[in-house]
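# Coordinate analysis (summary)
What follows is the residue order along each chain.
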Amino acid sequence: AFMFRIWGKLIKDNHLIKDTTICDDSTSTRTQKVFHALDEICNEFDLGKPIWLESNIKEFQRHAKTRFRQDSFMEEIDFDYLEFHIIEEDSFW
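Residues numbered from 1 in each chain as written. Predicted model: local features only at pLDDT ≥ 70, side-chain atom pairs only at ≥ 80, totals over all residues. Heavy atoms only, no water.

### Thoughts on helix 1 (residues 30-45)
Counted at 1.5 Å a residue, the expected span for helix 1 with its 16 residues is 22 Å, and the 22 Å between its end C-alpha atoms agrees. The set of residues buried in helix 1 consists of Lys33, Val34, Ala37, Leu38, Ile41, Cys42 and Phe45. Down the axis of helix 1, the sector holding all buried residues measures 165°, keeping them to one side. The secondary structure elements touched by the buried residues of helix 1 are strand 1 (4-12), strand 2 (15-24), helix 2 (54-63), strand 3 (65-68) and strand 4 (81-89). Asp46 lies just past helix 1 and shows a positive phi near 60°. (Helix = DSSP H or I, 4+ residues; strand = E, 2+ residues; numbered from the N terminus. Expected span 1.5 Å × (residues − 1). Buried < 20%, exposed > 50% of the residue type's maximum accessible area, 1.4 Å probe, protein only. Arc of directions from axis to C-beta. Contact = heavy atoms within 4.5 Å.)

This is the structure:
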């Protein structure tokens with residue numbers, strides 16, 4: 001199995017207020033793992049799921065990380081952003 005780890009962090013005033021790491025060694029596709037990890041992080045932090053804006057998609061494609069700010073969330077958030085970052089990814093090519 002391939003290890004895939006995503007780090008979710010809530011940041012407010014440049015301080016880490018909550019974080020979690022999601023590990024996924026399933027046989028799902030990379031895209032499925034990304035969406036699954038985001039679901040898990042939102043469940044753990046009791047957040048509504050953020051919307052992927054064009055800027056998030058581009059940033060994630062380039063750097064394997066992105067920041068979801070207020071404009072990605074339907075409800076008011078009490079933090080500055082949720083950072084979503086692939087920290088380990090075995091290559092499977």
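There's more to say after this.
### Observations concerning the pairing of strand 1
Relative to strand 2, strand 1 runs antiparallel, the two being bridged by 9 bridges. From the neighbouring strand, Trp7 faces strand 2, where its bridge partner is Thr21. Two successive antiparallel strands, strand 1 and strand 2, enclose a turn made up of 2 residues, where Asp13 displays a positive phi of approximately 50°. Here strand 1 runs beside strand 4; their pairing, made up of 8 bridges, is antiparallel. The residue bridging Lys9 from the neighbouring strand is Glu83, located in strand 4. (Pairing = 2+ DSSP bridges.)

The values are spatial; any link to function lies outside them.
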